[in-house]
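Remarks on the overall topology
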Amino acid sequence: MPGAGSIVVERVASASTVLSARASAPLKLLVPRPRGASAWAYAATFGGGLLAGDSIDLEVRVGPGAAALCATQASTKVYKSELGQLACQTLSATVDEGALFALLPDPVCPFAGAVYQQRQRVELAPGASLVLVDGLVSGRAARGERYAFTSYRTVTEVVQENRLLVLDALTLENTAESTIAERMGRFDAFATAVLVGPQVETAAAALVESLTRTPLRSPDHARNPLLATTSAIPGGAVLRVAGEEPEAVAAFLRTSLAFLASLLGDDPWARKW
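Source: prediction; values computed, not measured.

Broken down by element type, the chain carries four helices and 18 strands. The C-alpha extent of the chain, read off along each of the three principal axes, is 55 × 50 × 35 Å. Here the chain holds 273 residues, and 49% of them are scored as buried. Across the chain, the fraction of contacts at a sequence separation of at least 24, relative to all contacts at a separation of at least 6, is 69%. Per element, the accessible surface of the chain, about 12,500 Å² overall, is 54% carbon and sulfur.

Turning next to the pairing of strand β6 (residues 55-62). Covered by surrounding structure in β6 are I56, L58, V60 and V62 only, the residues S55, D57, E59 and R61 on the alternate face being uncovered. Examined bridge by bridge, strand β1 (residues 4-12) and β6 share six bridges and lie parallel to one another. By the bridge assignment for β6, G5 is matched with L58. Sheet topology note: the β6/strand β9 (residues 87-95) ladder contains eight bridges and is parallel. When the bridges of β9 are listed, V60 appears paired with A93.

So, on to the packing of aromatic side chains. In this structure the tally under the stated criterion is five aromatic pairs. On the basis of an interplanar angle of 25 degrees and a centroid distance of 5.7 Å, the ring pair of Y116 and Y152 is categorised as stacked. Residue Y116 is located in strand β12 (residues 115-124), and its partner Y152 is located in strand β14 (residues 151-160); the two are separated by 36 residues in the primary sequence. Ring geometry for Y147 against F149: centres 6.1 Å apart, planes inclined by 70 degrees, an arrangement best described as edge-to-face. Both residues of the pair, Y147 and F149, count as buried. Every member of this aromatic cluster is reached through a ring pair, and the members are Y116, Y147, F149 and Y152.

Turning next to the environment of S24. By the element assignment, S24 lies in the loop between β2 (15-23) and β3 (27-33). Spatially, the C-alpha atom of S24 lies 14 Å from that of Q89, the residues being 65 residues apart in sequence. Polar contacts involving the side chain of S24 include one to the main-chain amide nitrogen of G3, which spans 3.2 Å.

The subject of this paragraph is the pattern of salt bridges. Oppositely charged side chains are able to pair whenever their charged atoms sit close together. Applying the stated rule across the entire model yields 13 salt bridges. In this structure, the salt-bridge partner of D96 is R61, at a minimum N-O distance of 2.8 Å. One end of the pair, D96, is in the loop between β9 and β10 (100-104); the other, R61, is in strand β6, and 35 residues separate them in sequence. Using a relative accessible area of 33% as the deciding quantity, one classes R61 as partly exposed. With a closest N to O distance of 2.8 Å, E145 and R140 form a salt bridge. Linked by salt bridges that have partners in common, R119, R121, E123 and E157 make up one network.

This part covers the side chain of E145. Within the fold, E145 resides in the loop between β13 (129-137) and β14. What makes E145 buried here is its relative accessible area of 12%. Within the structure, E145 has its side chain in polar contact with the backbone nitrogen of A112 (distance 3.1 Å). Residue contacts for E145: discarding those within four places in its chain leaves F111, A112, S138, G139 and R140.

Spanning 13 residues, helix α2 (residues 201-213) covers 18 Å between terminal C-alpha atoms, matching the ideal 18 Å at 1.5 Å per step. Among the residues of α2, A204, L207, V208 and L211 are the ones counted as buried. Projected down its long axis, α2 shows its buried positions confined to an angular sector of 95 degrees, all on one face. Exposed and facing more than 90 degrees away from the buried side of α2 are T202, E209 and R213.

Conventions and cut-offs
Residues numbered from 1 in each chain as written. Predicted model: local features only at pLDDT ≥ 70, side-chain atom pairs only at ≥ 80, totals over all residues. Heavy atoms only, no water. Helix = DSSP H or I, 4+ residues; strand = E, 2+ residues; numbered from the N terminus. Buried < 20%, exposed > 50% of the residue type's maximum accessible area, 1.4 Å probe, protein only. Contact = heavy atoms within 4.5 Å. Areas by Shrake-Rupley, 256 points an atom, 1.4 Å probe, with all protein chains shown as cover. Pairing = 2+ DSSP bridges. Phe/Tyr/Trp six-rings, centres within 6.5 Å; stacked < 30°, edge-to-face > 60°. Polar contact = N/O pair within 3.5 Å; in protein donor to acceptor, adjacent residues only side chain to side chain. Salt bridge = Lys/Arg side-chain N within 4 Å of Asp/Glu carboxyl O. Expected span 1.5 Å × (residues − 1). Arc of directions from axis to C-beta.

So, to be careful, I would describe these as geometric facts and stop short of saying anything about function.
Okay, here's the thing in structure tokens:
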């Protein structure tokens, strides 16, 4: 089907290995690191973004004891929808026992008039670990398209041992009472990170303790350009951050998730920012 893709990573001869990576237009998959301490794959689209009517459906399987990174080359641009057609993305991932899956896409950037829908579901076997990031920027703010999109909807589900652990949903649309821009205030970038599983549990607990002990604030105690909060969940944490500048949110995430470099065998952000 158009836009369908799949990635399978298994542990072979003591290394995480991409056994298969398939995609049909407009989706394309790049695999710069098919084998190593972790296997890396990047999702992109022909044309540099999602058009109205595009539907991306990606399936990922990480086998027992393997480690995999799935990311993007840049932000996911969503172009204007002339007739109200959806541009949508669906990700379904299965992470087997003792495996690690890091889902680290750049944020979604909806242009003026865009209609976007996203659904992500990750199923974790006993002993599996996950780091998932989901981000949004206000659009092409420099062109006057700050929160000028028509609709943005996203749902993230994390299921651990057949039990729903995380259900996170966000819908942004203008209403008769207020616009999206009015509700989002001064912040132009938002991100949510889910950390769960034995390989990341210690880092998640340290993050919760750090933000609880020292709330994020600017040095002069003026209006914060960046706000962050964490919530503990069984075996992990959920991190939320909002910033006036997308670069500040990205830098904060990179610092907060720096422990991933040792788990993946390299820093996934080293050659991006």
